[in-house]
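Residue-level structure breakdown
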Amino acid sequence: MAELNGPPDPETSIAAALDAAAGALLTVWEAARERTTSRVSGAQLRAIMVVEQHDGINLRRLASRLDMLLSSASRLCDRLVAAGMLEREPGRLDRREISLHLTQEARRLLVELRDDRREQLARILAGMTPQGREALLLGMREFDETARRQEARSAPVEPVPVRPDVLDGGSHPIPSPLDWPAGEPPVARTA
């Protein structure tokens, strides 16, 4: 059927080759996750990574970044709090809002996961030529930067928090940069 439509464009061909070649990398990632994260599910690990990236994130933003319903994200956080991975605190700007923070246990889990993954990657990289390692690193960095730019352009605009106590007679102050949401594009990094 592909022959009837003509040859695929170069990006599609490269994407297919990359998809096939990335299998070993994904296997390393998944094996490390299975060895070190038996206490949390894949969705819980993603939530932990988002909270690590955006310490103090509120539940609504977490749900948005995980592409979940608010109620599902709330139940997910309930399980992570019960497992000793997350802590909830009243928000700094709005006491009714809850901010989420990692516990030391969650931080240890992420360190263990990354250490395991790096050991496996180093073992594989040791078998590659120096030129192959450099080319891989260069390509992966450019891929990451491009993915972040594309994700940032497609990310929904989040409201800027305004402290209610500084509203003054109907005037609307401009929040300081410290009050703004984290400036890094909303790409959920892997652990």
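Note that the coordinates shown come from a computational prediction; the quantities given were computed from them, not determined experimentally.

What counts, and at which threshold
Residues numbered from 1 in each chain as written. Predicted model: local features only at pLDDT ≥ 70, side-chain atom pairs only at ≥ 80, totals over all residues. Heavy atoms only, no water. Helix = DSSP H or I, 4+ residues; strand = E, 2+ residues; numbered from the N terminus. Buried < 20%, exposed > 50% of the residue type's maximum accessible area, 1.4 Å probe, protein only. Contact = heavy atoms within 4.5 Å. Areas by Shrake-Rupley, 256 points an atom, 1.4 Å probe, with all protein chains shown as cover. Axes fitted to C-alpha atoms, helices over the stretch in contact; angles between N-to-C directions. Left-handed = near helix turned anticlockwise from the far one by under 90°. Nonpolar A, V, L, I, M, F, W, Y, C, P; charged D, E, K, R; others polar. Expected span 1.5 Å × (residues − 1). Arc of directions from axis to C-beta. Core = buried A, V, L, I, M, F, W, Y, C linked by side-chain atoms within 4.5 Å.

To continue, consider the overall build of the chain. If you tally the helices and strands in the chain, you get 7 helices and 2 strands. From first element to last, N terminus to C terminus, the chain shows the α and β order α-α-α-α-α-β-β-α-α. For the chain, the residues scored as buried account for 23% of the 191 residues in total. For the chain, the share of sequence-separated contacts (at least 6 apart) that also reach a separation of at least 24 residues comes to 56%. Roughly 13000 Å² of accessible area belongs to the chain as shown, and the carbon and sulfur atoms make up 57% of that amount.

Before going further, it helps to examine unusual backbone geometry. Non-glycine residue Asp 67 carries a positive phi angle of around 55°. Tracing the backbone shows Asp 67 in the loop between helix H4 (59–66) and helix H5 (70–82). Look at Asp 67 and you get exposed, because its relative accessible area is 72%.

So, about the packing of helix H2 (residues 23–36) against helix H6 (residues 104–125). Any two packed helices are characterised by the angle at which their axes cross and by the distance between the axes. Running from amino to carboxyl end, H2 crosses H6 at an angle of 145°, the nearest separation of the two axes being 9 Å. In terms of crossing hand, the pair formed by H2 and H6 is right-handed. Side by side, H2 and H6 meet where Leu 25, Val 28, Trp 29, Ala 32, Arg 33, Arg 35 and Thr 36 of the first sit next to Leu 109, Glu 112, Leu 113, Asp 116, Arg 117, Gln 120, Leu 121 and Ile 124 of the second. Residue composition of the contact of H2 with H6, grouped by class: 8 nonpolar, 2 polar and 5 charged.

This part takes up H6. In this model H6 runs 31 Å from its N-terminal to its C-terminal C-alpha over 22 residues, within 8% of the 32 Å that 1.5 Å per residue would give. Residues Ala 106, Leu 109, Leu 110, Leu 113, Arg 114, Asp 116 and Arg 117 constitute the buried set of H6. Around the axis of H6, the buried residues are gathered within 160° of arc, so they sit on the same side. With respect to the buried face of H6, the exposed residues turned more than 90 degrees away are Gln 104, Arg 118, Glu 119 and Arg 123.

Within the largest apolar cluster, 22 residues are counted, with the highest numbers of intra-cluster contacts made by Val 40, Ile 48, Val 51, Leu 62, Leu 80, Met 85 and Leu 102. Counting residues per element, the ones that place at least two in this core are helix H3 (42–53), H4, H5, strand S2 (98–102) and H6. Broken down by element, the residue count for this core peaks at 6 residues, all from H3. If we ignore the near neighbours within four places in the chain, the residues touching Ile 48 are Val 40, Leu 80, Met 85, Leu 102, Ala 106, Leu 109 and Leu 110.

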